[in-house]
Amino acid sequence: MTSNGFKIKCFTCDNEFTFGPNIYDGKHINIYDIDICNNCYISNHDGWSPLHEEKILNHIKNKNMSVPERNTRDLLPIN
């Protein structure tokens, strides 16, 4: 923890970002139980890029979670 919050590693890009209090440089994605940086969130706002699908699907399988229904672009939804 830093004086401005916790350092968290982004699930998709592995970069560290600050997460609270008062500084939120990322988001927690509840349906996947992952934390991602704002850059990855913005880059995938309309659904997860196919570049990240394998990692996300493996995570879902390892956590015994259900695979969410794909969106109209045939991408896994980001939230």
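No experiment lies behind these values; they were computed from the predicted model shown.

Q: Just checking my understanding: could you explain unusual backbone geometry for this structure?
A: Negative phi values dominate among residues other than glycine, just as trans dominates among peptide bonds. Glycine 20 connects to proline 21 through a cis peptide bond whose omega is -15 degrees. Structurally, the position occupied by proline 21 is in the loop between strand S2 (16-19) and strand S3 (26-29). Unlike most non-glycine residues, aspartate 33 shows phi in positive territory, near 55 degrees. Looking at where aspartate 33 falls in the secondary structure, it is placed in the loop between S3 and strand S4 (34-37). Even without being a glycine, aspartate 74 presents a positive backbone phi close to 65 degrees. A relative accessible area of 53% means that aspartate 74 is categorised as exposed.

Q: What's the story with the nonpolar core in this structure? I'm lost.
A: Generally speaking, a soluble globular protein has its nonpolar side chains buried in company with each other. In terms of nonpolar packing, the biggest core is built from 16 residues, with Ile29, Tyr32, Ile34, Ile36, Trp48 and Ile56 touching the most fellow members. It is S4 that provides the largest number of residues to this core, a total of three residues.

Q: Teacher, can you tell me more about helix H2 (residues 50-62) here?
A: Residues separated by three or four positions in an α-helix point in the same direction, a consequence of the helix having 3.6 residues per turn. The first and last C-alpha atoms of H2 sit 19 Å apart over 13 residues, in line with the 18 Å expected at 1.5 Å per residue. Along H2, the positions that sit buried rather than exposed are His52, Glu53, Ile56, His59 and Ile60. The buried residues of H2 all sit within an arc of 140 degrees when viewed along its axis, so they share a single face. When the buried face of H2 is taken as reference, the exposed residues oriented beyond 90 degrees from it are Glu54, Lys61 and Asn62. Tucked inside the fold, the buried residues of H2 contact S4.

Q: Teacher, can you tell me more about the environment of proline 68 here?
A: Structurally, proline 68 is set in the segment after H2. Assessed through its relative accessible area of 17%, proline 68 is described here as buried. On a C-alpha basis, the gap between proline 68 and isoleucine 78 in space is 9.6 Å, while along the polypeptide they are 10 residues apart. Ignoring any residue separated from it by four or fewer positions in sequence, one finds proline 68 in contact with Ile31, Tyr32, Ile60, Leu76 and Pro77.

Q: Before we go on, may I ask you to explain the pattern of salt bridges in this structure?
A: Two side chains bearing opposite charge may form a pair once their charged atoms approach each other closely. One pass over the full model with this rule turns up four salt bridges. The partner of aspartate 14 in a salt bridge is lysine 55, with the nearest N and O atoms 3.7 Å apart. You can see aspartate 14 sitting in the loop between strand S1 (6-9) and S2 and its partner lysine 55 sitting in helix H2, a full 41 residues away along the chain. Of the residues examined, aspartate 14 reaches a relative accessible area of 42% and is grouped as partly exposed.

Parameters at a glance
- Residues numbered from 1 in each chain as written.
- Predicted model: local features only at pLDDT ≥ 70, side-chain atom pairs only at ≥ 80, totals over all residues.
- Heavy atoms only, no water.
- Helix = DSSP H or I, 4+ residues; strand = E, 2+ residues; numbered from the N terminus.
- Buried < 20%, exposed > 50% of the residue type's maximum accessible area, 1.4 Å probe, protein only.
- Core = buried A, V, L, I, M, F, W, Y, C linked by side-chain atoms within 4.5 Å.
- Expected span 1.5 Å × (residues − 1).
- Arc of directions from axis to C-beta.
- Contact = heavy atoms within 4.5 Å.
- Salt bridge = Lys/Arg side-chain N within 4 Å of Asp/Glu carboxyl O.

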